[in-house]
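Examining the three-dimensional arrangement
Below are the chains, spelled out letter by letter.
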Amino acid sequence: MSAAPTAGHAAAQAGFEEAWARLLREGHGAAVHPGTLGRVVSRTIELLGRARDAEPFDPAPAEQAGALLVEAHFTDAAVLARAVELLLGHPAGEHAPKVAGAFASGWTVALRDRTLREQEAIRLAADLARKGAEKALYASEARFRAVFESAAIGIGIGDVNGNILAVNRALQEMFGARPQDMRDLRVPELVHPEDTPGVWEAYDDLVNGRREHFQFDKPYYRRAGGVIWTHLTVSLIRDEEGVPRYQVAMLEDITDRHRLQERLRFQATHDPLTGLPNRAEFFERLERIFDSPEPGARFGLCSVDLDGFKAINDSLGHETGDQLLAAVAERLASTVAPLGHLVARLGGDEFVVLLESCLGHQESVAVAKTVLDALSQPFLIGDQKLAVRASVGVLERPVAATTPGAAMRAADLTLYRAKKEGRGRWTLFDPKRNAVAVSRYAMSVRMPMALDRGEFFIDYQPLCSLRDGSLAAVEALVRWRHPELGVLGPDEFVATAEETGLIIPLGRWVLEQACDQAARWARRFGPGTPKMNVNLAVRQARNAALVSDVDRVLRGTGLDPSGLQLEITESAVLGPRDHALQAMHALVDMGVSLTVDDFGTGWSNLAYLRDLPVSGLKIAGSFISDVHDRPSPHDGGDGELLGWRIVSGLVSLAHTLGLTVTAEGVETAADAERLRAMGCDWAQGWYYGRPTRPEEITRRIAEGLGDPRVRRA
Amino acid sequence: MKRPRWIPEGTDQETPNVARVYDCYLGGSHNFAADREMARKAVELWPELPKIMRANRGFLRRAVQYLAERGFTRFLDIGSGIPTFGAVHEVARRIQPDARVVYVDIDPVAVAHSRLILEGDERAAVIEADMREPRALLADPAVADLLAAGEPVAVLLVAVLHFVRDEEDPVGIVRVLRDAMPPGSALVLSHASFEGRPDQAGPHQDLYARTPTPLTMRSREDVVRLFDGFELIEPGVVYLPEWRPERPESVGPHPERMTGLAGVGRLS
């Protein structure tokens, strides 16, 4: 067939061109601009026409057309298939198969080139991106490395088996160790005896994935010796699957802070004079025993009180007294503390030994003996040898049987018994006696019988004139010679008697005995006879029969009413409408005088001093003893001065109301002198004589008001 | 604080990547086996996908042409992906030879590839940024310079907002961008929608749910709302082929099958 164009040929060519253009348009849709697409269509048609018409056959233009399509993004194999179909079907194409083959070849080669090029490009891009990411990661790692290395805080990384993998410079310095020293260590080896309880449990939980982090203050031994205290934070690092992998520990050096805290804590829990644990620390330790005791756990208490310390303090001065206390403390600490017991100073000359665990009372008694032995050698204070003795109350109990407060009271009670039984000795707590002593029921049951059996007796304590020391009055103090408890003072049973109502017969009996004694002294000594002070309990004061009882007793004994002085407490009369007030007036009308006892310890309503027909008041002994006990050795005179000012104020107040003032609890010559100087009228206390048998009072009166300061038991 | 991405998305060749899968649909070879596998599965489910992608590409081209013909010389293409063919700078510069383009993509491979292609082109820049943090995106010096007051800017969000989940607040993202655009600027936006082919939407979303970039198809109403504050240019929000076709026949008999919605809005 010739290549000359014919009409049929032209028509066939037009048909091909239209089909070709449609194929390419559909291949891309509207993605390519129609103009661009048109140019591709016409260019490929031209190249294909050239291939078809060339003689001899030249595949190049057809190949070029195929490549051109790939270049124009016709990369879909379906387009190729359809294109080859169209080329083969070209009616005028003698070379049609060859053209189609060359076209397909050109398309394929171009697509292959393009594919390889694009793959290369995308791999290069991926590579660049990854390198960028790695660079960023490296930079990030470098930053973290820098943070790790130069952090002021110690950082260590370990695995969950406790192997230490990396430590930073700060941590090495804190431990005073080289990196290899640290790597040879395992975390669980870093135990310290002062570790907070629970720290290793927390560690165990962490490495086993049961907790994510924990914080503690923890001490570590330094390689070079010594201890570093740290604030430790440990965090768990898990992998992507959540499996625990690493632990990161951050340690802040808090050694200085810890030392300061320790010092502050020591100051808060120790007595500055003796360096012994103080009252707060003692009670904390005592209460801790009761927190969660083992079944059958026992403990012991030795309540220690120096005998006659006040006299040393008063005669030799506070400084010597303080030195003595410090020496006593040191001796107690050096003999008892090594046994593992706590020695504390509760205040003044009171010490206590706590046996936090105890096998039996023998052990507590042994401690008490150790205490007494330790104090038996005299103390050398300055150039003076001072002999001190002490009394010890020993308590030994199962923890479950008592409470901290009850134990302390029982120990004090036992000490009191030791004192009473003659000082310089120990007394063992007797649960039976204690129970009886504290059981008002037990006493109340026994009391009516006791009165019948004559178990009560009366001691008399002198009240002396501060002006000339003469015996101005005696106070009748009832005692109970209890068959089991020994001699009990009024403090120990009057409250019970009040509660049970036995105070009425008992009070009546005391009044009878005292008035009878006073009447006998009056008959023997005449006008120089001291007045008789008798206590009136609240219930007695309110008893309707009081006035007639007093009248009957006075008549019966023959005592002149002016010789009797009734001591009432502030709570005896509640107000102006109280019917007890009428009884008081009736007594005064009778010629009996009234004195307010223990003034300053009750509600101290000054108004009632005006309403009551009293002629005197007694300043409670606690005012005088407080004057000495309140001030610390360092603020010296100021606290004491204030105490005296209060006493002085009370004295002048009483005098304003025209009352005679008696100071109770006077134990030293200095106190007596001071009270005398401020105008106090009478004084009562150990300095002027303890409660004693009537024969002794008789002797004193008979001696014609001899030296009242002779102190005899 | 956002966790630092130590291993950026997209450098992992084992995981299909949106930009490369898109390239795959368009017949390109800028992709890896995992991308091709993903594309193959998608096309199996929905044979018209390559055509839809071409229709989307056609819309992008027409919109850029339209704006360039109206004097736009600044283009910000967010979610530019791999510039297979018909990249914005090519299309725009046929009309505005000095047109400036900033390409933005989250995929470091697409960014690296774009940089290779645009090396030495001083009027084009490529930055890696996450459009879900539009303020950080706007703070990039190249973007800030492009948006500097003076000339209007064409901001392209073509086939990208459907990768932003509702809780990531696509409307809010567009609002932040809008507030940074100079007066007279334009928003070019296309978005996958289930309106045309509700039957296909579910399985297709499921497929993408397995990739790091899940797909959220939205209604026409949702797409129109993205143009809040813009004045929609005729014909408004329409199916991809319907937006200002050059030849009526290129719309095809079923434009709704090209199930993407597209529109261009202008700021007054």
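Calculation notes
- Residues numbered from 1 in each chain as written.
- Chains lettered and ligands numbered in written order.
- Predicted model: local features only at pLDDT ≥ 70, side-chain atom pairs only at ≥ 80, totals over all residues.
- Helix = DSSP H or I, 4+ residues; strand = E, 2+ residues; numbered from the N terminus.
- Buried ≥ 20, exposed ≤ 12 C-beta atoms within 10 Å, placed from the backbone.
- Contact = placed C-beta atoms within 7 Å.
- Pairing = 2+ DSSP bridges.
- Axes fitted to C-alpha atoms, helices over the stretch in contact; angles between N-to-C directions.
- Nonpolar A, V, L, I, M, F, W, Y, C, P; charged D, E, K, R; others polar.
- pLDDT = per-residue confidence, 0-100.
- Arc of directions from axis to C-beta.
- Right-handed = clockwise from strand over helix to strand, strands pointing away.

Regarding the overall build of chain B
Helix and strand counts for chain B come out as 10 helices and eight strands. In chain B, which comprises 268 residues, the proportion classed as buried is 50%. Across chain B, the fraction of contacts at a sequence separation of at least 24, relative to all contacts at a separation of at least 6, is 72%.

Quick look at the overall build of chain A
Each helix and strand in chain A was counted, giving 26 helices and 21 strands. Burial status across chain A gives 35% buried among its 713 residues.

Concerning the sheet that holds strand S6 (residues 298-307) of chain A
Residue and element names in this part refer to chain A. A sheet is described by the order of its strands in space; here five strands give the open sequence S7-S8-S6-S11-S12, paired in mixed fashion. The open sheet has two edge strands, strand S7 (342-347) and strand S12 (426-428), and neither has a second partner. Here the average twist between neighbouring strands, direction ignored, is 20°. Two elements, S7 and strand S8 (residues 350-355), share five bridges in a ladder whose sense is antiparallel. Residue Arg345 lies in a different strand from S8, and its bridge partner there is Phe351.

With respect to the interface of chain B and chain A
Taken together, the 30 residues of chain B in the interface contact 26 residues of chain A. Sorting the residues of the side of chain B that touches chain A by element identifies helix H3 (49-69) and helix H5 (108-117) of chain B as the ones contributing at least two each. Of all the elements, H3 of chain B adds the most residues to the side of chain B that touches chain A, at six residues. Across the side of chain B that touches chain A, the residue classes break down as 12 nonpolar, 12 polar and six charged.

Considerations on the confidence of the model for chain B
Residue and element names in this part refer to chain B. For chain B, the average pLDDT comes to 87, and 91% of its residues sit at 70 or higher. Within chain B, the element-level pLDDT minimum falls on helix H9 (residues 198-209), averaging 72, and the maximum on strand S4 (residues 154-158), averaging 97. With pLDDT under 50 throughout, residues 1-8 is counted as low confidence; its partners more than four residues away or in other chains account for eight contacts. ipTM for the predicted complex: 0.84, alongside a pTM of 0.51.

Structural notes on helix H25 (residues 669-677) of chain A
Residue and element names in this part refer to chain A. Buried within H25 are the following residues: Asp671, Ala672 and Leu675. Down the axis, H25 shows its buried residues gathered within 100° of arc, on one side only. Of the exposed residues in H25, those oriented more than 90 degrees away from the buried face are Ala669, Glu673 and Ala677.

Looking at the sheet that holds strand S2 (residues 164-167) of chain A
Residues and elements named next belong to chain A. Reading across from one edge, S2-S1-S5-S4-S3 is the order of the five strands in this open sheet, with antiparallel pairing throughout. Either end of the sheet is taken by a strand with one partner, and the two such strands are S2 and strand S3 (213-221). Looking at each pair of strands side by side, their axes are set apart by 25° on average, direction ignored. Bridging between strand S1 (residues 154-159) and strand S5 (residues 244-253) involves six bridges; their strand directions are antiparallel. From the neighbouring strand, Asp159 faces S5, where its bridge partner is Tyr246. Strands S3, strand S4 (227-238) and S5 of the sheet are contacted by helix H8 (residues 199-207), whose axis makes an angle of about 125° with S3.

A look at the environment of Gln461 of chain A
Residue and element names in this part refer to chain A. One can find Gln461 in strand S13 (residues 456-465). The class of Gln461 is buried, set by 20 C-beta atoms lying within 10 Å. Sequence separation between Gln461 and Val474 is 13 residues; the distance between their C-alpha atoms is 5.2 Å. What Gln461 contacts, discounting residues up to four positions off in sequence, is Val474, Glu475, Leu477, Gln684, Gly689, Arg690 and Pro691.

A short note on the pairing of S4 of chain B
Where a strand is regular, its side chains alternate between the two sheet faces. Residue and element names in this part refer to chain B. Of all five residues that make up S4, five are buried, and the element is covered over most of its length. Alternating residues of S4 divide into Ala154, Leu156 and Val158 and Val155 and Leu157, and every residue in both groups is buried. Pairing of strand S1 (residues 74-78) with S4, which is carried by three bridges, proceeds in the parallel orientation. Bridge pairing in S4 places Leu76 opposite Val155. In the sheet, S4 pairs with strand S5 (residues 186-192) via five bridges, with the strands oriented parallel. Bridging from a neighbouring strand, Leu157 pairs with Leu189 of S5. Handedness of the S4-helix H8 (residues 170-180)-S5 crossover: right-handed.

Thoughts on unusual backbone geometry
The omega torsion across Glu55 of chain A and Pro56 of chain A is -10°, close enough to zero to call that bond cis. Looking at where Pro56 of chain A falls in the secondary structure, it is placed in the loop between helix H2 (34-53) and helix H3 (60-71). That bond from Glu234 of chain B to Pro235 of chain B is cis: its omega, 5°, falls within 30 degrees of zero. Tracing the chain through its elements places Pro235 of chain B in the loop between strand S6 (231-232) and strand S7 (238-239).

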